[in-house]
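Report on the structure
Residues per chain are reported as follows:
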Amino acid sequence: MLLKPDCLRLGLTGPVESAVAAAGLRIDCRHAVELFPADVRHLWSEYDDRGHPLATSFLDRYLTGGPSEVLLVSGPDAFEAARRVKRQIRSEHAAGPFANVVHGAERRGELARQANHLLGRCDHCAEPFVSDEPALNPARPPGIDFREHFDVAALVDEVWPLTQGVPADPGPVRLDDDATDTAVYLGPDRAHTLDSTVTALWFALPGVTPRQAVLLAMHAGFSGGTPIAVGGRRALRRCLRTLHEHGIRNCGKGPCPPVRPG
Ligand SMILES: [Zn+2]
């Protein structure tokens, strides 16, 4: 299990140890580690800089620049038990889409790759992990390379505080001056990534700012349905068609949200 920098900073090591013990697991050894961007790309092989510049930048922002700790745990059914510990800690302490405090592998092949990268630091964790599953996680849906369009790391720094807890809702984009009582809504979609969703919004919402597109994508993941566009019927129809062309399925029309003061 990987205790991410926030886990240490927020003093959550004790709750993790309690959850590990309650799951019938034993801590065989533990090591302080500091993650760098190259580690992030090795550990989360489903993302790469070119297709997922947003996801990798958010992971860099969250995981690098502070100490983490890796725990080797063992016990009955340790793989499944460690996943339950992860889910429990996240449900109690996670603070946002990327700020999820602890990591544990979801697949045994992933565990082998990550453990062999992070462990092997003492006699207790010297033995290599082996798995007959593929070591690499399958690539997740990519988006366009936003590094060609704006300073991705600077944007992530700017929006990071707004993505903690429930991500801030920046409000819908006004596509034109035609007033209707209808808005286009975007809902959560686990088949997509932040990068593939923001890419769809980038093309479906002409004039959207990077900040607004990222916040709309993240808020939609939490809200169940976020109004992303208002305007005339033709513009809204074009918006929905573009979303569909980018494989976005969980979207549709709904009542226009009340205009917010300011
Ligand atoms: Zn060790």
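Within an unreviewed UniProt entry, the label attached to the chain reads Nucleoside-diphosphate kinase, and the organism entered is Actinoplanes sandaracinus.

**Here we look at the pairing of strand 6 (residues 182-186)**
Pairing of strand 6 with strand 8 (residues 251-255), which is carried by 5 bridges, proceeds in the antiparallel orientation. The partner of Y185 across the bridge, within strand 8, is G252. Direction of pairing for strand 6 relative to strand 7 (residues 226-230): antiparallel, over a ladder of 4 bridges. Counted as the bridge partner of Y185 is P227 from strand 7.

**Section: the pattern of salt bridges**
If you walk through the whole model with that rule in mind, you get 13 salt bridges. The partner of R41 in a salt bridge is D60, and the shortest N-O contact between them spans 2.8 Å. Residue R41 is found in helix 3 (residues 37-43), and its partner D60 is found in helix 4 (residues 53-63); the two are separated by 19 residues along the sequence. The shortest N-O distance in the salt bridge between E106 and R83 comes to 2.7 Å. Pair noted here: E106 is in the loop between strand 4 (102-103) and helix 6 (108-118) and R83 is in helix 5 (residues 78-93), with a separation of 23 residues, a long-range link. Residues joined in a network through salt bridges with shared partners are E80, R83, K86 and E106.

**Some points on unusual backbone geometry**
Positive phi values are uncommon outside glycine, yet D77 reaches one of about 50°. Considering the arrangement of structural elements, one finds D77 in the loop between strand 3 (67-74) and helix 5. Here V101, not a glycine, exhibits a phi torsion of approximately 75°, which is positive. Relative to the assigned elements, V101 resides in the loop between helix 5 and strand 4. Given a relative accessible area of 1%, V101 falls into the buried group.

**Overview of the environment of A23**
Examined against the element boundaries, A23 turns out to sit in the loop between helix 2 (13-22) and strand 2 (26-34). For A23, a relative accessible area of 28% translates into the label partly exposed. Here the alpha-carbon distance between A23 and D6, two residues 17 residues apart in the chain, equals 22 Å. Setting aside residues up to four positions removed in sequence, A23 forms contacts with A81 and V85.

**Some words on the packing of aromatic side chains**
The relation between two aromatic rings is expressed through the spacing of the ring centres and the mutual angle of the planes. Taken as a whole and judged by the stated rule, the model has 6 aromatic pairs. Where F146 meets W202, the ring centres are 5.3 Å apart and the plane angle is 80°; that geometry is what we call edge-to-face. Residue F146 is found in the loop between helix 6 and helix 7 (152-159), and its partner W202 is found in helix 8 (residues 194-204); the two are separated by 56 residues along the sequence.

**Overview of the sheet that holds strand 3**
The strands that make up a sheet pair up through hydrogen bonds in the backbone, lying either parallel or antiparallel. Strand order in this open sheet of 4 strands is 2-3-1-4, and the pairing throughout is antiparallel. Since the sheet does not close on itself, it has two edges, and those belong to strand 2 and strand 4, each with one partner. Across 2 bridges, strand 1 (residues 2-3) lies against strand 4 in antiparallel orientation. If you follow L2 over to strand 4, its bridge partner there is H103.

**Considering helix 8**
Along an α-helix, a turn takes 3.6 residues, which lines up residues three or four apart on a common side. With 9 of 11 residues buried, helix 8 is to be regarded as a mostly interior element. All buried positions along helix 8 are accounted for by L194, D195, S196, T197, V198, T199, A200, L201 and A204. Those residues of helix 8 hidden inside the fold are in contact with helix 4, strand 6, helix 9 (210-223), strand 7 and helix 10 (233-245).

**A few points about the sheet that holds strand 7**
Ordered by their spatial adjacency, 4 strands build an open sheet running 5-7-6-8, and the pairing between neighbours is mixed. The sheet terminates laterally at strand 5 (173-174) and strand 8, the two strands that pair on one side only. Pairing of strand 5 with strand 7 involves 2 bridges; the strand directions are parallel. Considered in strand 7, the bridge of R174 is made with V230. Against the sheet, helix 9 makes contact with strand 5, strand 6 and strand 7, and its axis sits at roughly 140° relative to strand 7, the strand it touches most.

**Focus on the layout of surface pockets**
Each pocket or cavity is described by its volume, and for the largest pocket that value is around 1,300 Å³. Taken together, 37 residues form the lining of the largest pocket, with Y47, P97, R140, R190 and H192 sitting closest to its centre. Within the residue set of the lining of the largest pocket, elements represented by two or more residues are helix 4, helix 5, helix 8 and helix 9. A per-element tally of the lining of the largest pocket places helix 9 first, with 5 residues. Each residue belonging to the lining of the largest pocket can be placed in one class, and the counts come to 16 nonpolar, 12 polar and 9 charged.

So, how was this worked out
Throughout, residues of each chain are indexed from 1 in the direction in which the sequence is written. Where local features are concerned, this predicted model is filtered to residues with pLDDT of at least 70; where side-chain atom pairs are given and counted, the filter is 80 or more; whole-chain, interface and lining totals use all residues. Only heavy atoms go into the side-chain values, all of them from the structure, while hydrogens and water stay out. One requirement defines pairing of two strands: DSSP has to find at least two bridges between them. Runs of H or I in DSSP of at least four residues are treated as helices and runs of E of at least two as strands, each being numbered from the N terminus. Here, a salt bridge means any Lys or Arg side-chain nitrogen found within 4 Å of an Asp or Glu carboxyl oxygen. Remark: exposure states derive from per-residue accessible area (1.4 Å probe, protein chains only) relative to the maximum for the residue type, with buried under 20%, exposed over 50%, and partly exposed in between. In this description, contact between two residues means that some pair of their heavy atoms is separated by no more than 4.5 Å. Only centres within 6.5 Å qualify two rings of Phe, Tyr or Trp (six-membered ring in Trp) as a pair; their planes then separate them into stacked at under 30 degrees, edge-to-face at over 60, and tilted for everything else. For helices, the axis comes from a line fit to the C-alpha atoms of the stretch in contact; other axes are also lines fit to C-alpha atoms, and the angle between any two N-to-C directions lies between 0 and 180 degrees. Put plainly, a pocket is an open set of points on a 1 Å grid over the protein atoms alone with protein on both sides within 12 Å along at least five of seven lines, a cavity is a set where a 1.4 Å probe fits but cannot get out, and a lining residue has an atom within 4 Å of a point. Grid points are joined across faces, edges and corners, and a volume is the space filled by probe spheres set on the points. Note on residue classes: Ala, Val, Leu, Ile, Met, Phe, Trp, Tyr, Cys and Pro are nonpolar, Asp, Glu, Lys and Arg are charged, and everything else, Gly too, is polar.

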